[in-house]
Each structure stands twice: as structure tokens, then as C-alpha cells.
Amino acid sequence: MALTQDAALNIAKVLTEALPYIQRFNGATIVVKYGGNAMTDPELEHSFARDIVLMKTVGLNPVVVHGGGPQIGDLLKKIGKVSEFIDGMRVTDSETMDVVEMVLGGLVNKSIVNLINQNGGRAIGLTGKDANLIRAKRMTLSHKDADGVMQEVDIGQVGEVAGIKTDVLELMFGSDFIPVIAPVGVGDDGASYNINADLVAGKVAEALKAEKLILLTNIPGVMDKNKQVLTGLTTKDVDALIADGTIYGGMLPKIACALDAVKGGVQSAHIIDGRVPHACLLEVFTDEGMGTLISNRARKK
């Protein structure tokens, strides 16, 4: 059936609006942290995969970093192991780490690789242990005990990023391949470490000097005290919003990751709503974009 004139004009408008961004970002690296609802809803999963494939097809270099906390929790429950958290961090003993590696590096990673491949891409799954991609160090955690005294707490094989080796990723940029990274790092002693996926995405973006870091979330973006989404923010704006309490609680780690990435050389970071179909394409290839953009200077995109 032929398109109506209105539908044809609308499609033409979308394509012509995307053209300058396709030209501008040709050859640019876009690091996307994939998680939340976008990772559990079948329609959103395929929407995300098509976005990534389209980016690669028009000349961008997308890199996907994924989480998998709920899936780890589900498997631990199935084997009868109780998940323990301290200040939001999963206590990770050696048995739990085995499950983390199995879920992130196996089940979740290969599911995303398959999803992208089903939608016309050529994805390759990696963990931080492949080619020493993610060098890790053990995280130290300070926690208030029942008496309000700060103490160092051992939370096991939970890590921070000590370094990123980009050579294996850069090899893929000259090919059709799309890297999909599970946030498992390796220490100097060869031990595996569970690392927050937002943190890994930010550090990968920094190491690659990416054009954009996109964090998919389950909220529309950073909101002001009147619950309105804040769009274009500079790093100074974000520092002020943290200082006055506008940004607080569970949003702080994600914002800190975005802020560090931009201060570390990434051109812009975007916190967008992964519950919206084709959220990545809307952010990268439209004038309005969506969600919250953070950069070193006030600019729209």
C-alpha cells in the first residue's frame, strides 16, 4: 500500500533531520550502557538492537556495555544463595563471583550478542578478561556500623576500574563488528572482579575519547526540584545541582559516572529513558534529542 502524503512528508522530515547528525558523527565512537527496562521488555530489546545496528551501518562506532544485576540475583536465588548488599553494593565472595561471571559473561552477554545479530548486526561478546580489556582493583568500602562509626568493610571481589586496554576495541572499529562488553574485570593477581556497569561504560568512553556516553535508565532524565527534566547541563551546572541537593540518593552514582566521563575527555554524556522505543536514535539523530545532556559547555547536542 502506498504511503499517504502526510506519512511520506513525515518520513522525509525525519530522514533529512537525521542527515546532518549522520554526517557529523561519522567515524565517532558512541558508548552505550544498556540495562533497566530496555533489557527486559522484548519490544524494547529489539528496538535497542536495531538502533545499535543502524548506528554501525551509517558509520558510527557503537560500543555496548551491559549490566545484569537482576539476572544475577535470580540465579543466586535458584541455587539457594542469599544476596547480601552493603550500601547498595553486592557482597561478592568467590562462589558469588562464579555466578556473576556465568551470568554476565555467558547468559546476558550472549543474549545481547544474539539480539544484535538477529537484527542484522555482527556483534562480538567480550568480558574485561578478554585481551586484558578491563584491569581491575579491589574496591574498598567505608560503612557506618550500628554505633555510627565508619569502618572499612570487605565486600569481596567487587572492583573498580584500574585501566582500560582499547586495542581490541579499536580493531573492531575498522570492521563490521560491534563489541558488547560484560563488566567483569581482572586484577593483577588474575582474580575476577564484579564492577558496576555504569562505571565501566564511563571508563571505556574516557579511554576511547568517545563522542558520546549514553546511559539508558528507567527515568526520563535528571529532574529539577519541580520534577521537570533538565536538558542541556554543563559540568559546573551538575556540580551545583549536587551541592544544593537537587541531585541526590540513587541518582548520584550514575551522575558521577557521566560527570567523570565528560571531565575525562568524552564530548557529552546523555542520561535517557530506556523505556522509550528507539531512545538511542532519538538522542543521537534528532534536533530535540531526549533526556539530559551533560557537556563541558552549554550546547544543544
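Just so you know, these numbers come straight off a predicted model, no measurement behind them.

Focus on the overall build of the chain
- From N to C terminus, the chain includes nine helices and 16 strands.
- Its C-alpha radius of gyration of 20 Å places the chain within 12% of the 19 Å reference for a compact globule of 301 residues.
- Its C-alpha atoms give the chain principal-axis dimensions of about 70 × 45 × 35 Å.
- Buried residues in the chain amount to 49% of all 301 residues.
- Pairs at least 24 apart in sequence give 72% of the contacts found in the chain among residues at least 6 apart.
- Split by element, the accessible area of the chain, about 14,300 Å² in all, is 54% carbon and sulfur.
- Distance between charge centroids for the chain: 4 Å, based on 30 positive and 36 negative side chains.

Considerations on the packing of aromatic side chains
- Throughout the structure, instances matching the rule amount to two aromatic pairs.
- Where Y21 meets F25, the ring centres are 6.4 Å apart and the plane angle is 20°; that geometry is what we call stacked. The pair Y21 / F25 is uniform in exposure class, with both members buried.
- With centroids separated by 3.8 Å and ring planes inclined at 0°, the aromatic side chains of Y34 and F48 adopt a geometry described as stacked.

Let's talk about the sheet that holds strand β15 (residues 268–273)
- Taken in spatial order, the eight strands of this open sheet run β5-β10-β2-β1-β13-β15-β16-β14, and their pairing is mixed. This sheet does not close on itself; its edge strands, each paired only once, are β5 (122–127) and β14 (232–234). The mean inter-strand angle of the sheet, taken between neighbouring strand axes irrespective of direction, is 20°.
- The pairing of strand β1 (residues 29–34) with strand β2 (residues 61–66) spans six bridges and is parallel. In the strand pairing of β2, T29 is matched with N61.

Some details on the side chain of T127
- With respect to the helices and strands, T127 occurs in strand β5.
- If we ignore the near neighbours within four places in the chain, the residues touching T127 are G105, L133, A182 and V184.

A short note on the nonpolar core
- Y34, I116 and L216 are the most contacted members of the largest nonpolar core, which has 42 residues in total.
- Going through the elements one at a time, α1 (5–24), β1, α2 (42–57), α3 (69–78), α4 (94–118), β10 (177–182), β13 (212–217) and α9 (279–285) are the ones with two or more residues in this core.
- With ten residues, α4 is the single largest residue contributor to this core.
- Apart from residues no more than four positions distant in its own chain, L216 is found in contact with V32, K33, Y34, G35, A38, F48, I272, G274, A279 and C280.

Observations concerning the environment of D167
- Tracing the backbone through its elements, the reader meets D167 in helix α5 (residues 167–173).
- Between the C-alpha atoms of D167 and L115, which are 52 residues apart in sequence, the distance is 25 Å.

Points about unusual backbone geometry
- For K209, which is not glycine, the phi torsion reads 50° and is therefore positive.
- Counting through the fold element by element, K209 comes out in the loop between α6 (197–208) and β13.
- Looking at K209, the relative accessible area reads 57%, which means it is exposed.
- With a phi angle near 65°, K227 is a residue other than glycine that sits in the positive phi range.

A short note on α4
- For α4, spanning 25 residues, the distance from its first C-alpha to its last is 34 Å, which sits close to the expected 36 Å at 1.5 Å a residue.
- Phi for G120, located one or two positions after α4, is positive at around 100°.

What to know about the pattern of salt bridges
- Under the counting rule described, the total for this entry stands at eleven salt bridges.
- Of the charged contacts, one joins R138 and D154 as a salt bridge, the two residues approaching to 3.3 Å between their closest N and O atoms. Separated by 16 residues along the polypeptide, R138 in strand β6 (residues 134–138) and D154 in the loop between β8 (150–153) and β9 (159–164) bring together distant segments of the chain.
- Classification of D154 by relative accessible area gives exposed; the value is 60%.

Details of the environment of G27
- Within the secondary structure layout, G27 lies in the loop between α1 and β1.
- A C-alpha to C-alpha distance of 8.4 Å links G27 and F173, two positions 146 residues apart in sequence.
- Among all residues touching G27, those that are not within four sequence positions of it are G59, L60 and N61.

Overview of α3
- Looking only at α3, the buried set comprises I72, G73 and L76. Within α3, the buried residues cover an arc of 100° as seen down the axis, which keeps them to one side. Along α3, the residues that are exposed and aim more than 90 degrees away from the buried face are P70, K77 and K78.

Structural notes on the packing of helix α7 (residues 235–243) against helix α8 (residues 251–263)
- In the contact formed by α7 and α8, the axes pass within 10 Å of each other and the chain directions differ by 155°. The orientation of α7 with respect to α8, classified from their angle, is roughly antiparallel. α8 is crossed by α7, and the crossing has left-handed handedness. Residues T235, V238, D239 and I242 of α7 lie in contact with α8, whose contacting residues are L252, I255, L259, V262 and K263.
- Residues that form the contact of α7 with α8 fall into these classes: six nonpolar, one polar and two charged.

About the criteria used
- Residues numbered from 1 in each chain as written.
- Predicted model: local features only at pLDDT ≥ 70, side-chain atom pairs only at ≥ 80, totals over all residues.
- Heavy atoms only, no water.
- Helix = DSSP H or I, 4+ residues; strand = E, 2+ residues; numbered from the N terminus.
- Rg over C-alpha atoms; globule rule 2.2 N^0.38 Å.
- Buried < 20%, exposed > 50% of the residue type's maximum accessible area, 1.4 Å probe, protein only.
- Contact = heavy atoms within 4.5 Å.
- Areas by Shrake-Rupley, 256 points an atom, 1.4 Å probe, with all protein chains shown as cover.
- Lys, Arg positive; Asp, Glu negative; His and termini not counted.
- Charge placed at Lys NZ, Arg CZ, Asp CG, Glu CD.
- Phe/Tyr/Trp six-rings, centres within 6.5 Å; stacked < 30°, edge-to-face > 60°.
- Pairing = 2+ DSSP bridges.
- Axes fitted to C-alpha atoms, helices over the stretch in contact; angles between N-to-C directions.
- Core = buried A, V, L, I, M, F, W, Y, C linked by side-chain atoms within 4.5 Å.
- Expected span 1.5 Å × (residues − 1).
- Salt bridge = Lys/Arg side-chain N within 4 Å of Asp/Glu carboxyl O.
- Arc of directions from axis to C-beta.
- Parallel < 35°, antiparallel > 145°, perpendicular 65-115°, else oblique.
- Left-handed = near helix turned anticlockwise from the far one by under 90°.
- Nonpolar A, V, L, I, M, F, W, Y, C, P; charged D, E, K, R; others polar.

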